[in-house]
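# Structural description and commentary
What follows is the residue order along each chain.
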Amino acid sequence: MITCEGLVKIYKSDDLEVVALQGLNLHVREGEMMAIIGNSGSGKSTLLNILGGLDRPSAGQVSVGPWDLLKITDEQLVSYKRDTVGFIWQSNARNLLPYLTALENVEMPMMLSSKLDRAYAKQLLEWVGLKERMHNKLHQLSGGEQQRVAIAISLSNRPKLLLADEPTGSVDTRTSDLIMDIFRRLNREIGITIVIVTHDLSLAGKVDRVVAIRDGLTSTEFIKRNPNLDDNDQTGNRSTLGGDQAIHEEYVVVDRVGRLQIPKSYLTALQITDKASMEFDGERIIISPPKSLEG
């Protein structure tokens, strides 16, 4: 569904250049539900904006389904955003029109594309648990209910890909769990591909795969461990994300030219700064502090 190879994004302002993505690689399968995590400034929101057609890449390759987002024309970009992708913002103010009811908010994108389907709009609000609230104005809804309206809006154009930028960042834990349950149900029942950007590790623990971005590059990846297999059946380092009961295997991501990003905490623990020794024993690559030079 998503392929990024050597994806670069550079922001230019006067004499200043900021490299937000510096050769990022990412592959997302159709029907997958996954999360992208990273600290502020890591490039995760930039990536989401590019996938959502809200920003243009500077170089590299990036495609969503049949769409090449590096070569797409402005006219094609309108079709892409209308027909292929749905977007959920963290801020409800960017998702919703306050003077409309919940139902009217869901219908608005349909009207813009001349595909009004009131029955489907009502069905979407039922899916997110707002059947009894669809005729309420926004000021009559809680923050969590407004975010669920936003989810319904993002699905109004029947997208193949749903992008969510910190979708639970402004709600309490109970509402966050409810929203994630909605995502999981939509993913399973209609097969939509869902990519969630977050810094919340407890939320990341509720998806099947997590990709961590550091300094504009994919660094590590966590894949949910099959509880039916014993410890000898899978490789990787065991890691529990956010205290969630699901066990994830942690992997270092290797790009197409063989580079990998080692977590800084590992290097610090080994007191590795600018150089490291590396050995291959026939089965494993061993990275260690530099051996002292003699003579």
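This one's a predicted model, so the numbers in the text were calculated from it and none came from an experiment.

A word on the sheet that holds strand β4 (residues 59-64). Reading across the sheet, the four strands line up as β2-β1-β4-β5 and stay open at both edges, with antiparallel pairing between neighbours. One side of each edge strand has no neighbouring strand; the edge strands of this open sheet are β2 (16-28) and β5 (67-68). Sheet topology note: the strand β1 (residues 2-13)/β2 ladder contains ten bridges and is antiparallel. Along β2, the bridge assignment pairs Ser13 with Leu16. Relative to the sheet, helix α1 (residues 44-51) contacts β1, β2 and β4, its axis offset from that of β1 by approximately 110°.

Next up on the list: the environment of Ala152. Examined against the element boundaries, Ala152 turns out to sit in helix α6 (residues 143-154). Sequence separation between Ala152 and Glu107 is 45 residues, and the spatial gap between their C-alpha atoms is 9.7 Å. Setting aside chain neighbours within four positions, we find Ala152 in contact with Val106, Leu124, Leu125 and Val128.

Okay, the packing of helix α4 (residues 102-112) against α6 next. Relative orientation of the contacting elements α4 and α6 amounts to 25°, with a least axis distance of 8 Å. Relative to α6, the element α4 lies roughly parallel. Remark: the crossing between α4 and α6 carries right-handed chirality. Listed contacts from α6 to Ala102, Asn105, Val106 and Pro109 of α4 are Val149, Ala152 and Ile153.

This paragraph deals with the packing of α6 against helix α7 (residues 173-190). Contact pair α6 / α7: the axes reach a minimum separation of 10 Å and the direction vectors enclose 15°. Between α6 and α7, the interaxial angle falls into the category roughly parallel. With respect to the hand of their crossing, α6 and α7 are arranged in right-handed fashion. Mapping the contact onto sequence places Gly144, Gln147, Arg148 and Ile151 in α6 and Thr175, Leu178, Ile179, Ile182, Phe183 and Leu186 in α7. Across the contact of α6 with α7, the residue classes tally to six nonpolar, three polar and one charged.

Definitions and limits used
- Residues numbered from 1 in each chain as written.
- Predicted model: local features only at pLDDT ≥ 70, side-chain atom pairs only at ≥ 80, totals over all residues.
- Heavy atoms only, no water.
- Pairing = 2+ DSSP bridges.
- Helix = DSSP H or I, 4+ residues; strand = E, 2+ residues; numbered from the N terminus.
- Contact = heavy atoms within 4.5 Å.
- Axes fitted to C-alpha atoms, helices over the stretch in contact; angles between N-to-C directions.
- Parallel < 35°, antiparallel > 145°, perpendicular 65-115°, else oblique.
- Left-handed = near helix turned anticlockwise from the far one by under 90°.
- Nonpolar A, V, L, I, M, F, W, Y, C, P; charged D, E, K, R; others polar.

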